[in-house]
Amino acid sequence: MTTSPLDSLRAQFPLLQANPELVYLDNAATTQKPLAMLDAERRFYETMNANVHRGGHRLGHAATEAYEAARITVARFINAASAGEIVFTRGATEAINLVAYSWGGSTLKPGDEILLSTLEHHANIVPWQLIAQTTGAVIRAIPLLDDGQIDMAAYQALLSPRTRLVGISQMSNALGVCPPLAQIIPTAHAVGASVLVDGAQAIAHQEIDVQALGADFYVFSGHKVFGPTGIGVLWARADILEQMPPWQGGGEMIERVSFAGTTFAPAPRRFEAGTPAFAQTIALAAALDWLRGQDRPAIAVHESALYRQLAAGIDQINGVRILGTATGKGPIASLVFSHAHPYDVAQFLDERDIAVRVGNHCAGPLMQSLGLNNGTLRISIAAYNTAAQIDLLLSTLNETLELLA
Ligand SMILES: Cc1ncc(COP(=O)(O)O)c(C=O)c1O
């Protein structure tokens with residue numbers, strides 16, 4: 001018997017192998033982990049463990065080399081112009097905080113405007129609110145159309161010479177909607193604003209080319225792209241990064257320290273104070289190498305076929321609909337029910353070992369704009385999900401809603 005490409009992909013995920021009945025559809029929260037990544041982290045600890053950038057010994061040199069090689073791997077993965085444009089952070093959240101505090105703290109003036117879409121995750125809202133409070137900058141929300149897409153006319157109307165930054169998700173974690181970045185970025189630049197793209201969701205589903213995208217900042221988290229927790233990435237164009245002051249102080253980010261004053265290391269090390277998550281960084285590189293080794297166009301086709309199957313199935317079930325009907329969405333569906341609470345539905349699904357997410361998905365302003373008090377039930381698809389799993393989800397959902405009617 002021959003093994004299908006999907007079976008051999010699934011075989012590389014120990015958790016999926018250990019739980020063959022599990023239908024894991026909470027991939028937007030975090031993905032499962034391939035053996036290649038798990039092995040890389042274990043191998044590092046078993047063969048090379050030493051702190052980076054400081055050991056005057058063989059292991060220290062090897063660990064530093066592996067850590068810096070990981071920076072090159074990440075740069076290649078998103079097609080950055082150089083590894084020097086890659087800053088390692090704890091995740092997308094910390095990367096956005098870094099930009100807000102360092103770049104925002106040093107450039108924003110009273111009355112400057114930060115435009116954020118109503119789709120944004122709290123991670124791309126709250127850091128800007130905090131820095132707006134200290135700088136006197138003002139946040140303006142870009143509204144959405146009924147289909148969940150950015151209202152481009154309203155966006156254009158909000159842009160002005162006061163706009164300093166546009167913060168925009170590449171794929172909404174709540175609705176799966178993908179804003180038209182190819183229009184949004186140049187129009188922001190035309191008024192002199194910088195653009196931060198939150199790639200936390202898109203990174204697992206699309207091939208990313210930060211140079212072609214043309215934004216100023218790009219962030220993502222390792223754990224949402226088959227990597228470990230505790231590691232994320234900020235990409236910024238070298239000329240911008242070079243101008244940005246440090247935001248955290250400590251070891252490794254300095255050139256020379258004395259009580260008379262301290263000088264700082266060049267970027268990206270200026271932004272990596274203290275011992276970095278070096279084992280996780282090396283494991284992230286292994287995860288990205290693993291993903292690069294997969295047939296990514298085939299995975300994208302597979303994921304969108306599963307999404308279409310899901311959407312067509314939902315259409316046939318009474319009392320449920322998908323929010324956000326914009327075209328070109330990622331494989332994420334937020335469901336709302338006419339007669340059931342999403343938490344009750346999720347509990348029924350969990351009893352059948354179908355893992356989904358309920359709540360506001362850290363997108364409070366989006367939920368408010370949609371008038372939703374109970375949040376939604378979110379289904380998020382990854383490369384290893386199967387058509388049989390979507391069928392099982394749909395039949396269980398149908399059964400559950402009949403029971404709860
Ligand atoms: C679109 C988006 N941005 C940012 C984040 C924050 O990611 P993290 O919690 O890994 O820092 C998430 C996490 O769900 C997200 O979905």
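See the structure printed just above.
Below is a summary of the structure that appears in this document. (Residues numbered from 1 in each chain as written. Predicted model: local features only at pLDDT ≥ 70, side-chain atom pairs only at ≥ 80, totals over all residues. Heavy atoms only, no water.)

**Description of the overall build of the protein**
Okay, so step 1: Within the protein, the regular secondary structure consists of 15 helices and 15 strands.
Okay, so step 2: Taking 2.2 N^0.38 as the reference for a compact globule, 405 residues should give roughly 22 Å; the C-alpha atoms of the protein span a radius of gyration of 22 Å, in line with that estimate.
Okay, so step 3: Taken over the C-alpha atoms alone, the protein extends approximately 75 × 55 × 35 Å along its principal axes.
Okay, so step 4: Counting every position in the protein, which comprises 405 residues, the buried fraction comes to 55%.
Okay, so step 5: For the protein, the accessible surface area stands at approximately 17,100 Å², while carbon and sulfur atoms represent 53% of it.
Okay, so step 6: Put simply, the protein has 26 plus and 36 minus side-chain charges, and the middle of one group is 7 Å from the middle of the other. (Helix = DSSP H or I, 4+ residues; strand = E, 2+ residues; numbered from the N terminus. Rg over C-alpha atoms; globule rule 2.2 N^0.38 Å. Buried < 20%, exposed > 50% of the residue type's maximum accessible area, 1.4 Å probe, protein only. Areas by Shrake-Rupley, 256 points an atom, 1.4 Å probe, with all protein chains shown as cover. Lys, Arg positive; Asp, Glu negative; His and termini not counted. Charge placed at Lys NZ, Arg CZ, Asp CG, Glu CD.)

**A few points about the sheet that holds strand 3 (residues 113–117)**
Okay, so step 1: Strand order across the open sheet formed by 7 strands is 2-8-7-6-5-3-4, with mixed pairing between neighbours. The open sheet has two free edges, formed respectively by strand 2 (86–89) and strand 4 (138–142), since each of these has just one partner strand. The mean angle between the axes of side-by-side strands here comes to 20°, regardless of whether they run parallel or antiparallel.
Okay, so step 2: Here strand 3 pairs with strand 5 (residues 163–169) via 4 bridges, running parallel. Note that in strand 5 the partner of Leu-115 across the bridge is Val-166. (Pairing = 2+ DSSP bridges. Axes fitted to C-alpha atoms, helices over the stretch in contact; angles between N-to-C directions.)

**A short note on the site of the ligand**
Okay, so step 1: Residues in close proximity to the ligand include Ala-92, Thr-93, His-121, Ala-123, Asn-173, Asp-198, Ala-200, Gln-201, Ser-221, His-223 and Lys-224, which together make up its full environment.
Okay, so step 2: In this structure, Lys-224 approaches the ligand through a side-chain N or O atom, which is 2.6 Å from an oxygen atom.
Okay, so step 3: For the ligand, whose accessible area on its own is 390 Å², the fraction buried by protein is 85%.
Okay, so step 4: By residue class, the composition of the shell around the ligand is 3 nonpolar, 6 polar and 2 charged. (Near = heavy atom within 4 Å. Polar contact = N/O pair within 3.5 Å; in protein donor to acceptor, adjacent residues only side chain to side chain. Nonpolar A, V, L, I, M, F, W, Y, C, P; charged D, E, K, R; others polar.)

**Details of the sheet that holds strand 15 (residues 376–380)**
Okay, so step 1: Taken in spatial order, the 4 strands of this open sheet run 11-12-15-14, and their pairing is antiparallel. Every other strand in the sheet has two partners, leaving strand 11 (320–323) and strand 14 (357–359) as the edge strands with one partner each. Each strand of the sheet is rotated relative to its neighbour by a mean of 30°, with strand direction disregarded.
Okay, so step 2: Sheet topology note: the strand 11/strand 12 (residues 332–337) ladder contains 4 bridges and is antiparallel. Paired with Ile-322 across the bridge in strand 12 is Leu-335.
Okay, so step 3: Most of the contacts of helix 12 (residues 296–315) go to strand 11, to which it runs at about 140°, and overall it touches strand 11, strand 12 and strand 15. (Contact = heavy atoms within 4.5 Å.)

Interpretation note: all reported values are geometric properties and have no functional meaning in isolation.
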